[in-house]
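The residues making up each chain are set out below.
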Amino acid sequence: MERDQVITLNPVSHPDRRVRQVGFGLTDPYVEQCWSAVVGPSTTLLLRRLPELWREHQPAQIEASELGRSLGLSPSMAKHSPLAYTLGRLVRFRFARPVGQQRDNLDVFVEVAPLMAHQLAKVPQWTR
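Residues numbered from 1 in each chain as written. Predicted model: local features only at pLDDT ≥ 70, side-chain atom pairs only at ≥ 80, totals over all residues. Heavy atoms only, no water.

Engineer: Just to check I follow, could you spell out the sheet that holds strand 5 (residues 105-109) for this structure?
Structural biologist: The strands making up a sheet associate through hydrogen bonds between their backbones, and the pairing can be parallel or antiparallel. Pairing within the open sheet is mixed, and its four strands lie in the order 3-1-5-4. Each edge of the open sheet is held by one strand with a lone partner, namely strand 3 (60-63) and strand 4 (96-98). Taking each pair of neighbouring strands and ignoring which way they run, the sheet shows an average axis angle of 25°. With respect to the sheet, helix 3 (residues 41-56) is in contact with strand 1 (6-12), strand 3 and strand 5, its orientation differing from that of strand 1 by roughly 90°. Contacts between helix 5 (residues 82-92) and the sheet are confined to strand 1, strand 4 and strand 5, with strand 4 contributing the most and set at about 105° to the helix. (Pairing = 2+ DSSP bridges. Helix = DSSP H or I, 4+ residues; strand = E, 2+ residues; numbered from the N terminus. Axes fitted to C-alpha atoms, helices over the stretch in contact; angles between N-to-C directions. Contact = heavy atoms within 4.5 Å.)

Engineer: Whenever I open this one, the side chain of glutamate 111 confuses me. Can you help?
Structural biologist: For glutamate 111, the location among the structural elements is in strand 6 (residues 111-112). Of the side chains with opposite charge, arginine 20 comes closest to the buried, unpaired glutamate 111, at an N-O distance of 6.0 Å. There is a polar contact of 2.7 Å between the side chain of glutamate 111 and the backbone nitrogen of histidine 14. Every residue in contact with glutamate 111, bar those within four places of it in the chain, is listed here: Ser13, His14, Val19, Arg20 and Phe24. (Buried < 20%, exposed > 50% of the residue type's maximum accessible area, 1.4 Å probe, protein only. Lys, Arg positive; Asp, Glu negative; His and termini not counted. Salt bridge = Lys/Arg side-chain N within 4 Å of Asp/Glu carboxyl O. Polar contact = N/O pair within 3.5 Å; in protein donor to acceptor, adjacent residues only side chain to side chain.)

As structure tokens, then:
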């Protein structure tokens, strides 16, 4: 990922009908209170910021270095940079999917699923 590479983040409905019915919007406190223990602070912060970015532009398009700095991440855009890791976690935990083979263009789901039982077992007691 290059420093001046533009990241495109498209808002889309979750592909699973059940998540659309019982899931939570990205601005819901559930995202921070429950998912942050699973995906970490930078991924949680990015999820919570996206609706604001989408108010300005849909899809949101932002330079990788600017996005990284806004999340408090190193400006390095190497393959294993903190920003690349954060974007990868969006895909890994099914908050987003790549558009084609591009790592810099993601469809991000506007709903998140409730935590699964195996994920609940890993979060702090007060979160459960």
